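Remarks on the overall topology
Here's the letter readout for the chains.
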Amino acid sequence: MKKFKFIIDGSKYEVSVNEIENNVAEVEVNGTPFTVEIEREQKTAVTARPSVKPATVAPAASHSTAASTMVVKSPLPGSIMKVLVAVGDSVKRGDVLLTMESMKMENNILAEADGVIKSVAVEPGRNVLQDDKLVELETKASSHSTPAEKPAPAPAPKVETPKPAPAAAPSAPKPVVAGFKIKSPLPGSVLKVVVAEGQAVKRGDVLLTLESMKMENNILAEKDGVVKSIAVAAGQSVMQDDLLLIMA
């Protein structure tokens, strides 16, 4: 079991990771148990082959469509801030359905598939627990198969031996920037950085957006100040307690 401690806006949180099996982790936040699903990227290795075999002819094209209902549940306990969809609305995968506040962060709940809103179970101001139903989404899954054409044989790929890269010159040490450090409260991926170095911000302004546990989390300024240094960029993966920004 691993234990972590972090402070968000003056509040202390103790997180214990009890067990991780496949992509599911059992954690406790201040004694409250949660089940967290971990999304992992799959990388496909590309292997060069000396020749390409002709493809066989596939069966005639077929098409099937099936409708199903997807229940969107709350990943964490919190409070609903705003609902952005209504019954009958069509949404695309990645659209924001609603915004909730949890652990003093704004979390955007996203649609995981294309579909139509079948029902909305919450309203602004309502408190929810983990796994409470938020929205029902009616989705359609389609499958297609088309005949494959017989390709012409391709020549064997030419494999070149890579030349060793020249040794990089040692970089000068970065100057230490003094100020108030803002660290990542959770592991995730930086979606976008909203501010720039030298920009003045107010308490509560959005500094950057972090994707964690399939939610968009807005990292807010905890006080008035000026952005002195930005330590991350869009698309960068971060771990808990990694440095995000420095404010003065």
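Everything numeric here is computed off the predicted structure, so don't read it as measured data. Counting starts from 1 at the beginning of each chain's written sequence and moves along it residue by residue. A pLDDT threshold of at least 70 governs which residues receive local features in this predicted model, and a stricter bar of 80 or more applies before side-chain atom pairs are shown or counted, although totals over entire chains, interfaces and linings include all residues. Side-chain calculation: all heavy atoms of the structure are included, whereas hydrogens and water are not.

1. Describing unusual backbone geometry
Most peptide bonds are trans, and most residues other than glycine sit at a negative phi. Spelled out, the test is: Only DSSP runs of H or I covering at least 4 residues are called helices, and only runs of E covering at least 2 are called strands; the numbering of each starts at the N terminus.
Positive phi outside glycine occurs at Asp-131, with the angle close to 75°. Along the chain, Asp-131 turns up in the loop between β11 (127-128) and β12 (133-145). Backbone geometry at Asp-241 places phi at a positive 75°, although glycine is not the residue there. Mapped onto the secondary structure, Asp-241 falls in the loop between β19 (237-238) and β20 (243-247).

2. Section: the nonpolar core
Using the following cut-off: For this analysis, a nonpolar core means a set of buried residues of the types Ala, Val, Leu, Ile, Met, Phe, Trp, Tyr and Cys, connected via side-chain atoms within 4.5 Å. Relative accessibility thresholds used throughout: buried, under 20% of the residue-type maximum; exposed, over 50%; partly exposed, between the two (1.4 Å probe, protein chains only). Residues count as neighbours in contact if any of their non-hydrogen atoms are within 4.5 Å of one another.
Grouped together as the largest cluster of nonpolar side chains are 27 residues, with contacts concentrated most on Ile-80, Val-91, Leu-97, Leu-98, Ile-109, Ile-117 and Leu-134. Looking at this core, the elements that each hand over two or more residues are β2 (11-21), β3 (24-29), β4 (32-37), β8 (96-102) and β12. Among residues more than four places away in sequence, those in contact with Ile-117 are Val-85, Ala-86, Val-87, Gly-88, Asp-89, Val-91, Leu-97, Val-135, Glu-136 and Leu-137. Judged by nonpolar contacts, the second largest core, of 17 residues, contains Met-105, Leu-207, Val-232 and Met-247.

3. A closer look at the pairing of strand β17 (residues 215-220)
Put simply, the rule is: In this scheme, strands are said to pair when DSSP sees at least two bridges between them.
Burial analysis of β17 places 5 of its 6 residues in the buried class, the great majority of the element. As paired elements, strand β9 (residues 105-110) and β17 share 4 bridges and run antiparallel to each other. By the bridge assignment for β17, Asn-107 is matched with Asn-217. Hairpin geometry of strand β16 (residues 206-212) and β17 is characterised by an intervening segment of 2 residues between the two adjacent antiparallel strands and by a positive phi of about 55° at Met-213.

4. Some points on the sheet that holds β8
Taking strand neighbours across the sheet as the criterion, the 8 strands line up as β11-β6-β8-β9-β17-β16-β14-β19 in an open arrangement whose pairing is antiparallel. Since the sheet does not close on itself, it has two edges, and those belong to β11 and β19, each with one partner. Note: strand β14 (residues 188-193) against β19, 2 bridges, orientation antiparallel. Counterpart to Gly-188 in the pairing with β19 is Val-238.

5. Considerations on the environment of Gly-125
Inspection of the secondary structure puts Gly-125 in the loop between β10 (115-120) and β11. A relative accessible area of 57% means that Gly-125 is categorised as exposed. Between the C-alpha atoms of Gly-125 and Ser-79, which are 46 residues apart in sequence, the distance is 6.2 Å. Those residues in contact with Gly-125 that sit more than four places away from it in its chain are Ser-79 and Ile-80.

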